[in-house]
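A look at the structure
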Amino acid sequence: MEKLVALLRERCTPAAPSIERPEFGFVVAVTSLVLMQCTMTVMQVAKTRYEVFDKAFVSKHLAEDDKRIRALNGKGIGKGCHPDAGMGRWADKLPIDQWWRFNKAQRAAGNYLDAICP
């Protein structure tokens, strides 16, 4: 067993550097900042979504769909009109300025996630 542990340490250590090494502090700090910025970008989409897809919008433009969804899930279309990502049937009823604002926010978050996730 000791030989196996020694062999694993010998072969695995160079390929898997320890996070305690001082040169990795910068990597951890930068990664934390990128994660924080990505989270804030995605949260901005939520803020915009709930501003443009509010209850008044649902009752004014989506009453028929709300009735059908309510029959399926018992709740109807909630504030935010999930799962519409901005190009769906509900976003089609948004005024052009709100649609533009929401899609810019949605695309910014999507671009960010596409860039940091392989």
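Values in this document were obtained by computation on a predicted structure and should not be read as measured data.

**Concerning the packing of helix H2 (residues 25-52) against helix H5 (residues 96-116)**
Where H2 meets H5, the axes come as close as 9 Å, and the angle between the chain directions of the two elements is 155 degrees. Judged on the interaxial angle alone, H5 and H2 are roughly antiparallel. In this structure, the crossing between H2 and H5 has a hand that is left-handed. Of the residues in H5, those in contact with Val34, Gln37, Cys38, Thr41, Val42, Val45, Thr48, Arg49, Glu51 and Val52 of H2 are Gln98, Arg101, Phe102, Ala105, Gln106, Ala108, Ala109, Tyr112, Leu113 and Ile116.

**Things to note about the pattern of salt bridges**
Opposite charge on two side chains permits them to pair, given that their charged atoms come into close proximity. Taken as a whole and judged by the stated rule, the model has 7 salt bridges. In this structure, arginine 68 and glutamate 64 form a salt bridge, with 3.9 Å as the shortest nitrogen-oxygen distance. With arginine 68 and glutamate 64 both in helix H4 (residues 63-73), this residue pair falls 4 residues apart, about one helical turn. Residue arginine 68 is classed as exposed on the basis of its relative accessible area of 51%.

**As for the state of the cysteines**
Taken as a whole, this structure holds 0 disulfides when the rule is applied. Here cysteine 38 stays free of any disulfide, with the sulfur of cysteine 117 as its closest cysteine sulfur at 6.8 Å. You can call cysteine 38 buried: its relative accessible area is 7%.

**Notes on a nonpolar patch on the surface**
Residues Met1, Leu4, Val5 and Leu7 make up a contiguous nonpolar surface patch of roughly 400 Å² in combined accessible area. By secondary structure assignment, the location of valine 5 is in helix H1 (residues 2-12).

**So, the side chain of threonine 48**
Inspection of the secondary structure puts threonine 48 in helix H2. Filtering out sequence-adjacent residues up to four positions away, threonine 48 remains in contact with Arg101, Phe102 and Ala105.

**Notes on the side chain of asparagine 103**
Relative to the assigned elements, asparagine 103 resides in helix H5. Its relative accessible area of 16% is what places asparagine 103 among the buried residues. In terms of polar contacts, asparagine 103 uses its side chain to reach the backbone carbonyl oxygen of glycine 86, at 3.1 Å. Ignoring any residue separated from it by four or fewer positions in sequence, one finds asparagine 103 in contact with Ala85, Gly86 and Met87.

**With respect to the nonpolar core**
Counting 14 residues, the largest nonpolar core has Phe53, Phe57, Leu62, Ile77, Cys81 and Leu94 as its most contacted members. When contributions to this core are tallied by element, the ones reaching two or more residues are H2, helix H3 (55-61) and H5. When residues no more than four places from it in sequence are discounted, the contact partners of leucine 94 are Val52, Phe53, Phe57 and Trp99.

**With respect to H5**
An α-helical turn contains 3.6 residues, so any two residues separated by three or four positions project in the same direction. Its 21 residues give H5 an end-to-end C-alpha distance of 30 Å, which sits within 8% of 30 Å, the value for a rise of 1.5 Å per residue. For H5, the complete set of buried residues consists of Phe102, Asn103, Ala105, Ala109, Gly110 and Tyr112. Where the residues of H5 are buried, they touch H2.

What counts, and at which threshold
Residues numbered from 1 in each chain as written. Predicted model: local features only at pLDDT ≥ 70, side-chain atom pairs only at ≥ 80, totals over all residues. Heavy atoms only, no water. Axes fitted to C-alpha atoms, helices over the stretch in contact; angles between N-to-C directions. Helix = DSSP H or I, 4+ residues; strand = E, 2+ residues; numbered from the N terminus. Parallel < 35°, antiparallel > 145°, perpendicular 65-115°, else oblique. Left-handed = near helix turned anticlockwise from the far one by under 90°. Contact = heavy atoms within 4.5 Å. Salt bridge = Lys/Arg side-chain N within 4 Å of Asp/Glu carboxyl O. Buried < 20%, exposed > 50% of the residue type's maximum accessible area, 1.4 Å probe, protein only. Disulfide = S-S within 2.5 Å. Patch = residues over 30% accessible without salt bridge, like charges linked within 9 Å, V, L, I, M, F, W, Y side chains within 5 Å. Areas by Shrake-Rupley, 256 points an atom, 1.4 Å probe, with all protein chains shown as cover. Polar contact = N/O pair within 3.5 Å; in protein donor to acceptor, adjacent residues only side chain to side chain. Core = buried A, V, L, I, M, F, W, Y, C linked by side-chain atoms within 4.5 Å. Expected span 1.5 Å × (residues − 1).

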